[in-house]
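Analysis of the macromolecular model
The chain contents come next:
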Amino acid sequence: MKTQIKSTVVVVVTLAVISCGIFLARAEKQKPLATYNSEQTQNDVKVVLLRVGKLTMFTDKCFSDSRVAQTIGEPVFLVSYLVEVPKKGAFSGLALKGSQGLDIIHDGHSIVGQTEPGLIKAFDGSSEAFKNLSSRPDLRDRTIPDDKAGMVEEDTLQGLNVSADHVDLQIKFGWNGKDLVFNFKDVPLN
């Protein structure tokens, strides 16, 4: 009887070891997950995501009822990115599209048009030459090649409350008469 139990235990342990080996071999063959890349280049135009995140703004200018603003902050979504283009012709060929040039996608659906009840939806975009902003803490370590010019675009979407911790972004603008589309996938919010 003891011999039979020992034989059974040996068989079970052997099968377990073989099963683990097969599982590990399959796990190693799986394709690794794609990692998030904050930079994309198309031809000679580069876009670098600098900051994508959620903020809270306390102001009475964005609420339909100004009394509410005293106790509740307004959700704001910020997207900041750098556009590098060839220095020759630099920004004369760049056509940013404002609110039409940015889309935020979560679970396969655009969420740019969704606002919280009672909030006034607003979009604000500002552009500034990189050389004027290079002393900013988030840009201090970034350099632009001598043959390139850079512009920082910052877009804020007031009233947009994003509950996700990752989104997809689509940035569209024109460059020398061509429409460029940059799709960033699985962007972490900071």
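Let me sum up the structure you'll find in this document. (Residues numbered from 1 in each chain as written. Predicted model: local features only at pLDDT ≥ 70, side-chain atom pairs only at ≥ 80, totals over all residues. Heavy atoms only, no water.)

**With respect to the packing of aromatic side chains**
What describes a pair of aromatic rings is the distance from one ring centre to the other and the angle between the planes of the rings. Cut-off, in case you're wondering: Here a pair means two rings of Phe, Tyr or Trp (six-membered ring of Trp) with centres within 6.5 Å. Their orientation is stacked below 30 degrees between planes, edge-to-face above 60, and tilted elsewhere. Relative accessibility thresholds used throughout: buried, under 20% of the residue-type maximum; exposed, over 50%; partly exposed, between the two (1.4 Å probe, protein chains only).
Counting across every chain of the model gives one aromatic pair. For the ring pair phenylalanine 173 and phenylalanine 182, a centre distance of 5.5 Å and an interplane angle of 20° mean the geometry is stacked. For the pair phenylalanine 173 and phenylalanine 182, one class covers both residues: buried.

**Here's the deal with the nonpolar core**
The condition that has to hold: Residues grouped as a nonpolar core are buried Ala, Val, Leu, Ile, Met, Phe, Trp, Tyr and Cys residues, joined through side-chain atoms within 4.5 Å. Here, two residues are considered to be in contact whenever any of their heavy atoms come within 4.5 Å of each other.
Residues Phe77, Ile104, Leu169 and Phe173 are the most contacted members of the largest nonpolar core, which totals 29 residues. Filtering out sequence-adjacent residues up to four positions away, phenylalanine 173 remains in contact with Val45, Val47, Val83, Leu94, Ala95, Leu96, Lys97, Lys178, Asp179, Leu180 and Phe182. In terms of nonpolar packing, the next biggest core, distinct from the first, is built from eight residues, Val48, Leu50, Phe130 and Val152 among them.

**A closer look at the environment of valine 83**
Our working definition: Secondary structure counts use DSSP, requiring at least four H or I residues in a row for a helix and at least two E residues in a row for a strand, with both numbered from the N terminus.
One can find valine 83 in strand β3 (residues 74-86). Given a relative accessible area of 1%, valine 83 falls into the buried group. For the pair valine 83 and glutamate 153, spaced 70 residues apart in sequence, the C-alpha to C-alpha distance is 7.6 Å.

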